[in-house]
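Per-entry structural report
What follows is each chain in one-letter form.
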Amino acid sequence: ARSSAFDDSEDSGRTPCIELFTNSPEALREAQAWAVRMLHMHSTSAEVKNNLIVHFGQEDHTALMNLQAIFNVVITEFFRKGKCGILIIGGASVAISSAAIHVESMLCQAQDYFAQIEEEDLLHSVVRWEGLRGSEGPRISFYSLYSKMPKLPSQSYYERTPIDLSDSADKERQRKYVEKMENYALKQLFELNRERVMGKPQWLYQCVRAQFCDQICRVGFQREYAPPEEQGYGAGIYFTTEMKRALELWEDRSEEFIYIIEAQVLTGKSIKGSPELIVPPPTGSDPLDCYNSVTSDLKDIYVIFHSQQALPQFLITCTKILTLWDYSLNCNTDNDVLVVYSWILNANS
């Protein structure tokens with residue numbers, strides 16, 4: 001059953017409204033919150049952060065220039081500390097809001113196109129394609145080049161399946177929504193890389209935004225999906241050894257929920273990273289013999305540079321709980337309280 005949100009008042013026939021359909025109440029809340037933020041801007045500027053801006057083509061940049069003229073705003077692209085974004089300034093708040101929505105729409109199209117290209121590369125690596133007479137193109141035969149690839153209940157090669165935690169004795173675990181992430185194509189490529197990379201895979205974590213959860217299940221981890229606040233160890237794909245460390249590395253709390261993906265990661269031979277790295281450094285004089293990953297001084301952060309070295313396993317959706325903590329230090333009245341965000345997280349999930 002799909003969740004929906006819409007205006008069903010008597011005036012809804014005359015008043016513009018937005019109707020949302022999603023597969024989960026969590027996604028519905030995220031969509032509602034996003035719509036409210038975009039439609040009720042009271043600022044003379046807006047900033048849209050998304051690293052998929054690097055995949056904009058000439059037509060996209062022409063469209064951005066047209067938006068400047070249509071809404072009488074100034075649009076600037078920026079790239080700093082490994083993050084891309086678009087800054088919209090000037091004009092009335094309604095013009096800023098309208099331009100920002102158009103930019104978000106363009107980014108959605110870029111995201112879908114990027115995922116489609118990655119998906120084609122992924123499937124061409126592991127499946128056999130069949131040509132059918134009279135068809136416009138080949139179709140996937142769900143038999144891998146290496147072993148039989150069974151279909152999931154969704155009739156696809158990837159799927160997210162909820163895990164029931166209602167019987168858990170740990171009440172905090174019941175505040176999480178956990179989904180099993182399965183992708184047969186990614187799994188086969190991961191197993192092939194496992195033969196190349198020495199050592200057992202590590203269970204690591206990455207904090208992501210809501211819009212990329214399904215994309216990661218579909219095509220795996222990508223550099224563009226979850227860049228940390230600072231890429232101090234190279235321009236790769238970042239993971240942490242603990243959930244709490246993931247919350248420190250990815251500080252964005254603008255969404256309704258926190259999304260953390262638990263994955264198996266082939267870290268192999270690792271060395272301390274540095275900001276200028278775009279590929280892992282060589283282990284010696286041979287430039288083709290490289291480390292498999294880089295890490296931080298405390299080895300609580302790992303960075304890989306090849307997406308097929310990581311296999312997403314679980315998506316953990318966490319609630320943000322507001323608690324009131326009565327504190328007496330430096331308080332002038334008995335009514336002073338400190339609002340504390342309590343993250344319902346457990347590394348043993």
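Residues numbered from 1 in each chain as written. Predicted model: local features only at pLDDT ≥ 70, side-chain atom pairs only at ≥ 80, totals over all residues. Heavy atoms only, no water.

If you check an unreviewed UniProt entry, the protein appears there as PARP catalytic domain-containing protein from Electrophorus electricus.

1. Brief notes about the overall build of the protein
Stated formally: A run of DSSP states H or I qualifies as a helix once it reaches four residues; a run of E qualifies as a strand once it reaches two. Both are numbered from the N-terminal end. Contacts are assigned to residue pairs with any non-hydrogen atoms lying within 4.5 Å of each other. Note on areas: Shrake-Rupley with a 1.4 Å probe; residue coverage comes only from the protein chains shown.
Regarding its fold elements, the protein presents six helices and 18 strands. The long-range fraction of contacts in the protein, counting pairs at least 24 apart against all pairs at least 6 apart in sequence, stands at 65%. Accessible surface, the protein: about 19800 Å² in total, of which carbon and sulfur atoms supply 51%.

2. Describing the environment of Cys217
As a reminder of what qualifies: In this scheme, a residue with accessible area under 20% of its type's maximum is buried, one over 50% is exposed, and one in between is partly exposed, where area comes from a 1.4 Å probe on protein chains only.
Looking at where Cys217 falls in the secondary structure, it is placed in helix 5 (residues 213–219). Judged by relative accessible area, which is 1%, Cys217 ranks as buried. A sequence separation of 34 residues divides Cys217 from Asn183, and the C-alpha atoms of the two residues are 6.7 Å apart. Other than its neighbours up to four places away in sequence, Cys217 contacts Tyr158, Glu159, Arg160, Met181, Glu182, Asn183 and Leu186.

3. Describing the side chain of Arg218
Using the following cut-off: A 3.5 Å cut-off defines polar contacts: any pair of N or O atoms within that distance qualifies, except that in protein one atom must be a possible hydrogen donor and the other a possible acceptor, and neighbouring residues in sequence count only when both atoms are side-chain atoms.
Within the fold, Arg218 resides in helix 5. Within polar-contact distance, the side chain of Arg218 engages the side chain of Glu119 at 3.0 Å. Ignoring anything within four residues of it in the chain, the contact list for Arg218 reads Ala115, Gln116, Glu119, Leu122, Tyr157, Tyr158 and Asn183.

4. Section: the pattern of salt bridges
Here is the rule we go by: Salt-bridge detection follows one rule: a side-chain nitrogen of Lys or Arg within 4 Å of a carboxyl oxygen of Asp or Glu.
Taken as a whole and judged by the stated rule, the model has 13 salt bridges. Residue Arg29 is joined to Glu256 by a salt bridge in which the shortest nitrogen-to-oxygen separation is 3.2 Å. In this pair, Arg29 sits in helix 1 (residues 25–39) while Glu256 sits in the loop between helix 6 (243–249) and strand 12 (258–265), placing the two residues 227 residues apart along the sequence. Between Glu47 and Arg80 there is a salt bridge, and its shortest N-O distance comes to 3.3 Å. Of this pair, Glu47 sits in strand 3 (residues 45–49) while Arg80 sits in strand 4 (residues 74–80), and the two are 33 residues apart along the sequence. Salt bridges sharing partners connect three or more residues here, namely Glu47, Lys49 and Arg80.

5. Details of the confidence of the model for the protein
For the record, the criterion: pLDDT expresses how confident the predictor is about each individual residue, on a scale running from 0 to 100.
Considering every residue of the protein, the mean pLDDT works out to 81; 77% of them sit at 70 or more. Ignoring residues within four places in sequence, the model shows residues 142–147, a span with pLDDT below 50, making 21 contacts including any to other chains.

6. Points about the pairing of strand 16 (residues 310–318)
Test applied: Each pair of strands is called paired provided DSSP finds at least two bridges between the two strands.
Summarising burial for strand 16: eight of the nine residues are buried, a large majority. One ladder, built from five bridges, connects strand 9 (residues 176–183) with strand 16; its direction is antiparallel. The residue bridging Lys180 from the neighbouring strand is Phe314, located in strand 16. Of the strand pairs in this sheet, strand 12 and strand 16 are connected by eight bridges, and their pairing is antiparallel. Each residue of the ladder has a partner; that of Glu262, found in strand 16, is Phe314.

7. Re the sheet that holds strand 5 (residues 83–89)
Rules: Structural elements are reduced to axes, namely lines fitted to C-alpha atoms, with helices fitted over the stretch in contact, and the angle between N-to-C directions of any two is expressed from 0 to 180 degrees.
In space, the three strands of this open sheet follow the order 3-5-4, with antiparallel pairing throughout. Two strands lie at the open edges of the sheet, namely strand 3 and strand 4, each paired on one side alone. For this sheet, the mean inter-axis angle between neighbouring strands, taken without regard to orientation, is 20°. As judged from the five bridges shared by strand 3 and strand 5, these two strands associate in the antiparallel manner. Looking at strand 5, one finds that Glu47 is bridged to Leu87. Against the sheet, helix 2 (residues 58–71) engages strand 4 and strand 5, with an angle of about 135° to strand 4.

8. Looking at helix 2
Keep this limit in mind: An expected span of 1.5 Å times one less than the residue number is assigned to each helix. The directions from the helix axis to the C-beta atoms form the arc being described.
Between its terminal C-alpha atoms helix 2 stretches 20 Å, which fits the 20 Å expected from 14 residues at 1.5 Å a residue. Taken together, the buried positions of helix 2 are occupied by Leu64, Leu67 and Phe71. Along the axis of helix 2, the buried positions cluster into a sector of 55°, meaning they face one direction only. Exposed and oriented more than 90 degrees from the buried face of helix 2 are Gln58, Glu59, Met65 and Ala69. The secondary structure elements touched by the buried residues of helix 2 are strand 4, strand 5 and helix 3 (93–126). At the exit of helix 2 stands Asn72, carrying a positive phi of roughly 55°.

9. What to know about the packing of helix 2 against helix 3
The test is simple: By the definition adopted for this analysis, an angle is roughly parallel if under 35 degrees, roughly antiparallel if over 145, roughly perpendicular if from 65 to 115, and oblique otherwise. Crossing chirality is assigned from the near helix's rotation relative to the far helix, an anticlockwise turn below a right angle marking it left-handed and a clockwise turn marking it right-handed. Residues were grouped as follows: Ala, Val, Leu, Ile, Met, Phe, Trp, Tyr, Cys and Pro as nonpolar; Asp, Glu, Lys and Arg as charged; and all remaining residues, including Gly, as polar.
At a minimum axis distance of 10 Å, the contact between helix 2 and helix 3 shows a crossing angle of 165°. Judged by the inter-axis angle, helix 2 sits roughly antiparallel to helix 3. By crossing handedness, the relation of helix 2 to helix 3 is classed as right-handed. Touching Asp60, Ala63, Leu64, Leu67 and Phe71 of helix 2 are Ala95, Ser98, Ala99, His102, Val103 and Met106, all from helix 3. Of the residues belonging to the contact of helix 2 with helix 3, the class tally is eight nonpolar, two polar and one charged.

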